[in-house]
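Given next are the chains, with one letter for each unit.
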Amino acid sequence: AVSAEEEDNMPKEKLVLFGITCPDNRAAQFAILTVGSLVCSIGFSALQEGVTRVPGFKFSGWMTLITTLSYAVCALIEMVATKGKLEKKGSWGNYVLLSTLTFGGMYATNYALKFLNY
C-alpha cells in the first residue's frame, strides 16, 4: 500500500483523451470518463441492436471478429493521436490473456443472442 505522503511525492500522469489533456481535478476526470463510458456503451448497444433488425441477420463469430478488429483500429487511432507515447503497463502475457478472455466473452454473448427472441 502507498501512504498519502508517498502518493503526493509520486509523479502524476496527465489524463489524455483523443489527444486532449483533461483537467487535473479528479472529480472532473471521473465525470468525463463516466459520461464517455456511458455514451460509448449506449452507442455500441444501439448499433448492435440495429443490426438485429436487418432481415435474415444471424449473430455469428464474424460479429465478434469485427468488434475485436474495431477495438484494434481504435487502439491504433489512439496511438497515432498520442504520437506513440503510450507505454505498455503490463506483460505481453497479460495482454494476450486479457484479449483472449475479452474475445471469448464477446463470442459467448453473441452466441447466446441466437437463442433470444426480441
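Residues numbered from 1 in each chain as written. Predicted model: local features only at pLDDT ≥ 70, side-chain atom pairs only at ≥ 80, totals over all residues. Heavy atoms only, no water.

Student: Kindly report on the overall build of the protein, identifying the contributing residues and their values.
Tutor: Tallying secondary structure elements over the protein gives 4 helices and 2 strands in all. When the helices and strands of the protein are placed in sequence order, the string is α-β-β-α-α-α. Considering the protein as a whole, with its 118 residues, one finds that 9% of them fall into the buried category. When contacts within the protein are restricted to residue pairs at least 6 apart in sequence, long-range pairs at least 24 apart make up 49% of them. Split by element, the accessible area of the protein, about 9900 Å² in all, is 68% carbon and sulfur. (Helix = DSSP H or I, 4+ residues; strand = E, 2+ residues; numbered from the N terminus. Buried < 20%, exposed > 50% of the residue type's maximum accessible area, 1.4 Å probe, protein only. Contact = heavy atoms within 4.5 Å. Areas by Shrake-Rupley, 256 points an atom, 1.4 Å probe, with all protein chains shown as cover.)

Student: Just give me the short version of the packing of aromatic side chains, but keep the residues and values in it.
Tutor: Scanning all chains against the criterion turns up 2 aromatic pairs. Geometrically, the ring pair formed by Y107 and Y111 is stacked, given 6.5 Å between the ring centres and 15° between the ring planes. Placement of the pair is Y107 and Y111 together in helix α4 (residues 92-112), with a separation of 4 residues, close to one helical turn. (Phe/Tyr/Trp six-rings, centres within 6.5 Å; stacked < 30°, edge-to-face > 60°.)

Student: Any details on the packing of helix α3 (residues 61-81) against α4? Residues and values, ideally.
Tutor: Closest axis-to-axis distance for the α3/α4 pair is 9 Å, and the angle between their directions is 145°. Viewed along their axes, α3 and α4 form a crossing whose handedness is right-handed. Here G61, M63, T64, L65, T67, T68 and Y71 of α3 lie close against α4, whose contacting residues are T102, F103, M106, Y107 and N110. Classifying every residue of the contact of α3 with α4 gives 6 nonpolar, 6 polar and no charged. (Axes fitted to C-alpha atoms, helices over the stretch in contact; angles between N-to-C directions. Left-handed = near helix turned anticlockwise from the far one by under 90°. Nonpolar A, V, L, I, M, F, W, Y, C, P; charged D, E, K, R; others polar.)

Student: So what's going on with helix α2 (residues 26-51)? Which residues, and what values?
Tutor: Between its first and last C-alpha, α2 extends 37 Å over 26 residues, near the 38 Å set by a 1.5 Å rise per residue. Where α2 begins, the capping side chain belongs to N25, and its oxygen is found 2.8 Å from the backbone nitrogen of A27. (Expected span 1.5 Å × (residues − 1). Polar contact = N/O pair within 3.5 Å; in protein donor to acceptor, adjacent residues only side chain to side chain.)

Student: Break down the environment of Y111 for me, with residues and values.
Tutor: Overall, Y111 belongs to the partly exposed group, its relative accessible area being 41%. Taking C-alpha positions, Y111 is 9.3 Å from T64, a pair spaced 47 residues apart along the chain.

Student: Before we move on, could you go through the state of the cysteines and cite the residues and values that matter?
Tutor: Under the counting rule described, the total for this entry stands at 0 disulfides. We note that C40 lacks a disulfide partner, and the nearest cysteine sulfur, in C74, lies 8.4 Å from it. (Disulfide = S-S within 2.5 Å.)

Student: For a nonpolar patch on the surface, give the residues involved together with the corresponding values.
Tutor: A surface patch of nonpolar side chains, about 870 Å² in accessible area, is lined by W62, L65, I66, L69, F103, Y107, Y111 and F115. Tallying contributions element by element places α3 first for the nonpolar patch, with 4 residues. (Patch = residues over 30% accessible without salt bridge, like charges linked within 9 Å, V, L, I, M, F, W, Y side chains within 5 Å. Salt bridge = Lys/Arg side-chain N within 4 Å of Asp/Glu carboxyl O.)

Student: Which residues make up the environment of G19, and what values go with them?
Tutor: Relative to the helices and strands, G19 resides in the loop between β1 (16-17) and β2 (20-21). Residue classification places G19 among the partly exposed residues on the basis of a relative accessible area of 43%. With 62 residues separating them along the chain, G19 and A81 place their C-alpha atoms 5.3 Å apart.

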